[in-house]
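The residues making up each chain are set out below.
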Amino acid sequence: QVQLIESGGGGLVQAGGSLRLSCAASGRTYAMAWFRQAPGKERDIVAEIDWSGTIQYYADSVKGRFTISRDNAKNTVYLQMNSLKPGDTAVYYCAAAGRLMARPWSYDYWGQGTQVTVSS
């Protein structure tokens, strides 16, 4: 029912640089998240944000460098990535929950993926 379209921010960046990913939803969403999957590795959660934007969770590997935020008026979630490292290289996927729920959150809708490559 809900389509997630990722745009902007992806591409090649040098270590220490910054990128901003955007993901627009076609309908109402609740919790939203960013995941990433590096070549040959499992898909890992990067950051989560609750429906209101007041609660965020981060993987330890990105804490202090990445910020998840949302603009509900635009039905959009963002991932601001600073101080990028080569280990951040992955395909990044946004995700959204279609209902309100208690933790742990699960996700019903997925974006198409955005390649982020960080060179050393």
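Bear in mind the structure is a predicted one, so any value in this text is a computation, not a measurement.

S.K.: Could you give an account of the overall build of the chain, naming the residues involved and the relevant values?
M.R.: For the chain, the count of helices and strands is 0 helices and 11 strands. The order of helices and strands in the chain, counted from the N terminus, is β-β-β-β-β-β-β-β-β-β-β. For the chain, the C-alpha radius of gyration of 13 Å lies close to 14 Å, the compact-globule estimate for 120 residues. The C-alpha extent of the chain, read off along each of the three principal axes, is 40 × 25 × 25 Å. Counting every position in the chain, which comprises 120 residues, the buried fraction comes to 46%. By sequence separation, contacts in the chain at least 24 residues apart represent 56% of the contacts at least 6 residues apart. Here the chain holds 12 positive side-chain charges and 9 negative ones, and the gap between their average locations is 3 Å.

S.K.: Describe in detail unusual backbone geometry, supporting the description with residues and values.
M.R.: Both trends apply: most residues other than glycine have a negative phi, and most peptide bonds are in trans. Cis geometry is found at the peptide bond from Arg103 to Pro104, where omega equals 0°. For Pro104, the location among the structural elements is in the loop between strand S9 (90-96) and strand S10 (109-110). Despite not being glycine, Asn75 has its phi angle at roughly 55°, a positive value. Secondary-structure assignment places Asn75 in the loop between strand S7 (66-71) and strand S8 (76-81).

S.K.: Any chance you could break down the pattern of salt bridges for me, citing the residues and the numbers?
M.R.: One pass over the structure, following the stated rule, counts 4 salt bridges. For Asp88, the salt bridge is made with Arg36, and the minimal N-O distance between the two is 2.9 Å. Highlighted residues: Asp88 in the loop between S8 and S9 and Arg36 in strand S4 (residues 32-37), separated in sequence by 52 residues. Taking the relative accessible area as the measure of exposure, Arg36 reaches 13% and is therefore buried. Of the charged contacts, one joins Asp60 and Lys63 as a salt bridge, the two residues approaching to 3.2 Å between their closest N and O atoms. Under the relative-accessibility criterion, Asp60 is labelled exposed at 66%. In the salt-bridge network here, residues are joined through shared partners; they are Arg36, Arg65 and Asp88.

S.K.: Account for the state of the cysteines, naming residues and giving values.
M.R.: Taken as a whole and assessed by the stated rule, the structure comprises 1 disulfide. Two residues share a disulfide in this structure: Cys23 and Cys94, whose sulfurs sit 1.9 Å from each other. Measuring handedness by torsion sign, the sulfur bridge of Cys23 and Cys94 sits at about 50° and is right-handed. Here Cys23, found in strand S3 (residues 19-25), pairs with Cys94, found in strand S9; they are 71 residues apart in sequence, far enough to count as distant. The same class applies to Cys23 as to Cys94, namely buried.

S.K.: Quick rundown of the layout of surface pockets? Include the residues and the values.
M.R.: The volume enclosed by the largest pocket comes to roughly 160 Å³. Every residue lining the largest pocket is counted, 13 residues in all, and those nearest its centre are Arg36, Ala38, Lys41, Asp44 and Gly87. With 3 residues, the single largest contributor to the lining of the largest pocket is strand S5 (residues 43-49). Partitioning the lining of the largest pocket into residue classes produces 6 nonpolar, 3 polar and 4 charged.

Procedures and definitions
Each chain carries its own residue numbering, running from 1 in the direction its sequence is written. Only residues with pLDDT of at least 70 are given local features in this predicted model, and only at 80 or more are side-chain atom pairs given and counted; all residues enter the totals for whole chains, interfaces and linings. Think of the side-chain values as coming from all heavy atoms in the structure, minus any hydrogens and water. Think of it this way: any DSSP run of H or I at least four residues long counts as a helix, any run of E at least two long counts as a strand, and we number them from the N terminus. A radius of gyration in this sense is built from C-alpha atoms; the matching globule rule multiplies 2.2 Å by the number of residues raised to 0.38. Throughout this description, buried means an accessible area under 20% of the type-specific maximum (1.4 Å probe, protein chains only), exposed means over 50%, and partly exposed covers the range between. Residue contacts are defined here by distance: any two heavy atoms, one from each residue, within 4.5 Å place the two residues in contact. His residues and chain termini do not enter the charge count, which takes Lys and Arg as positive and Asp and Glu as negative. For the purpose of locating charges, the reference atoms are NZ of Lys, CZ of Arg, CG of Asp and CD of Glu. The working definition used for a salt bridge is a side-chain nitrogen of Lys or Arg within 4 Å of a carboxyl oxygen of Asp or Glu. When the sulfur atoms of two cysteines come within 2.5 Å, that pair is taken as a disulfide. A cavity here means a set of 1 Å grid points, computed over protein atoms only, where a 1.4 Å probe fits but cannot escape. A pocket is an open set with protein on both sides within 12 Å along at least 5 of 7 lines, and lining residues have an atom within 4 Å of a point. Grid points are joined across faces, edges and corners, and a volume is the space filled by probe spheres set on the points. Classification used: nonpolar for Ala, Val, Leu, Ile, Met, Phe, Trp, Tyr, Cys and Pro, charged for Asp, Glu, Lys and Arg, polar for all others including Gly.

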